[in-house]
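Residue strings, one per chain:
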Amino acid sequence: MRGGRAPAFLLGGGVSDRPRLFRSSKLRPPPGPQIPEAALLLSLLWMPALLPVVSRLLLLPRALLSMASGSPPSQPSPASGSAYAAGSVSAAFVTCPNEKVAKDIARAVVEKHLAACVSLIPQITSIYEWKGKIEEDSEVLMMIKTQSSLVPALTDFVRSVHPYEVAEVIALPVEQGNSPYLHWVLQVTGSVPESGTAPP
């Protein structure tokens, strides 16, 4: 080798006697931040912690999934013979401090025909700010299926019996879903005459 340095023969830079696989700089990956080994190790250690979260998401009630991916609202319902009016059913969400409170409220709203069905999702974690402090609590989530016109009465009832100073009641209209199920919700809560259909 004459004068100067021998060419670099490493993939990642530096000098070596081994031949380089890529001689052209155009074939090398662009320079960028490298993930330190410690960061990679930490990410691998956190993966098992995420598995319970993913598995709990897979356990969401069947009704929520059918509401999100059901038939379009224009399809007639075999049970009622009429199309579902988008938004006439709502899914209301309420958090409770424990399963006993959630079951008591669920049973009461079904008995009062303020809801057709209440699904309880145990052991959720809520993180929120309350009176200037960040709080973290284990709670039970109630998913309440009702007709949209009953949401104000449902909210008033939940507020009257709920142990929290400010009860969470959030309702979302159901645009589409399994039409027989949605008609059943309306029937049970009193806005569709009975036609002999059984609950799902």
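Residues numbered from 1 in each chain as written. Predicted model: local features only at pLDDT ≥ 70, side-chain atom pairs only at ≥ 80, totals over all residues. Heavy atoms only, no water.

What about the layout of surface pockets?
Rules: Only protein atoms enter the 1 Å grid used here. Points where a 1.4 Å probe fits but cannot escape make up a cavity, open sets with protein on both sides within 12 Å along at least five of seven lines make up a pocket, and a residue lines them when an atom lies within 4 Å of a point. Grid points are joined across faces, edges and corners, and a volume is the space filled by probe spheres set on the points. The secondary structure listing takes helices from DSSP runs of H or I that are at least 4 residues long and strands from runs of E that are at least 2 residues long, numbered from the N terminus. Amino acids are sorted into nonpolar (Ala, Val, Leu, Ile, Met, Phe, Trp, Tyr, Cys and Pro), charged (Asp, Glu, Lys and Arg) and polar (every other residue, Gly among them).
Of the voids in this model, the second largest pocket is the one considered here, and its volume is about 220 Å³. What lines the second largest pocket is T95, S126, Y128, W130, D137, E139, Y164, E165, V166, A167 and E168. Tallying contributions element by element places strand β2 (residues 117-130) first for the lining of the second largest pocket, with 3 residues. Each residue belonging to the lining of the second largest pocket can be placed in one class, and the counts come to 5 nonpolar, 2 polar and 4 charged.

A word on the side chain of T146
The test is simple: Polar contacts here mean pairs of N or O atoms no more than 3.5 Å apart (in protein, one a potential hydrogen donor and the other a potential acceptor; neighbouring residues in sequence count only if both atoms are side-chain atoms). Throughout, a residue-residue contact means that at least one pair of heavy atoms, one from each residue, lies within 4.5 Å.
Looking at the secondary structure, you find T146 in strand β3 (residues 133-147). Of the polar contacts made by the side chain of T146, one reaches the backbone oxygen of L114; its length is 2.5 Å. Once you skip the residues sitting within four places of it in the chain, T146 turns out to touch S88, V89, S90, L114, A115, V151, L154, V185 and T189.

With respect to the pairing of strand β1 (residues 89-96)
In summary, the side chains of a regular strand alternate between the two faces of the sheet. Which entries qualify depends on this criterion: In this scheme, a residue with accessible area under 20% of its type's maximum is buried, one over 50% is exposed, and one in between is partly exposed, where area comes from a 1.4 Å probe on protein chains only. Whether two strands pair depends on DSSP finding at least two bridges between them.
When you tally the buried positions in β1, you get 8 out of 8 residues, the bulk of the element. Going residue by residue along β1, you find V89, A91, F93 and T95 tucked away on one face and S90, A92, V94 and C96 tucked away on the opposite face as well. Note: β1 against β3, 8 bridges, orientation antiparallel. Following the sheet pairing, T95 is matched in β3 by L141.

Topic: the pattern of salt bridges
The criterion, for reference: The salt bridge criterion pairs a side-chain nitrogen of Lys or Arg with a carboxyl oxygen of Asp or Glu, the two atoms within 4 Å.
A complete count under the given rule lists 3 salt bridges for this structure. Notably, a salt bridge pairs K100 with D104, separated by 2.9 Å at the nearest N-O pair. Taken together, the residues span about one helical turn, with K100 and D104 both in helix α3 (residues 99-111) at a distance of 4 residues. The exposure class assigned to K100 is exposed, which follows from its relative accessible area of 58%. Judged by its relative accessible area of 44%, D104 falls in the partly exposed class. Between E165 and K131 there is a salt bridge; the shortest N-O distance is 3.5 Å.

Just distances and angles here, no functional claims.
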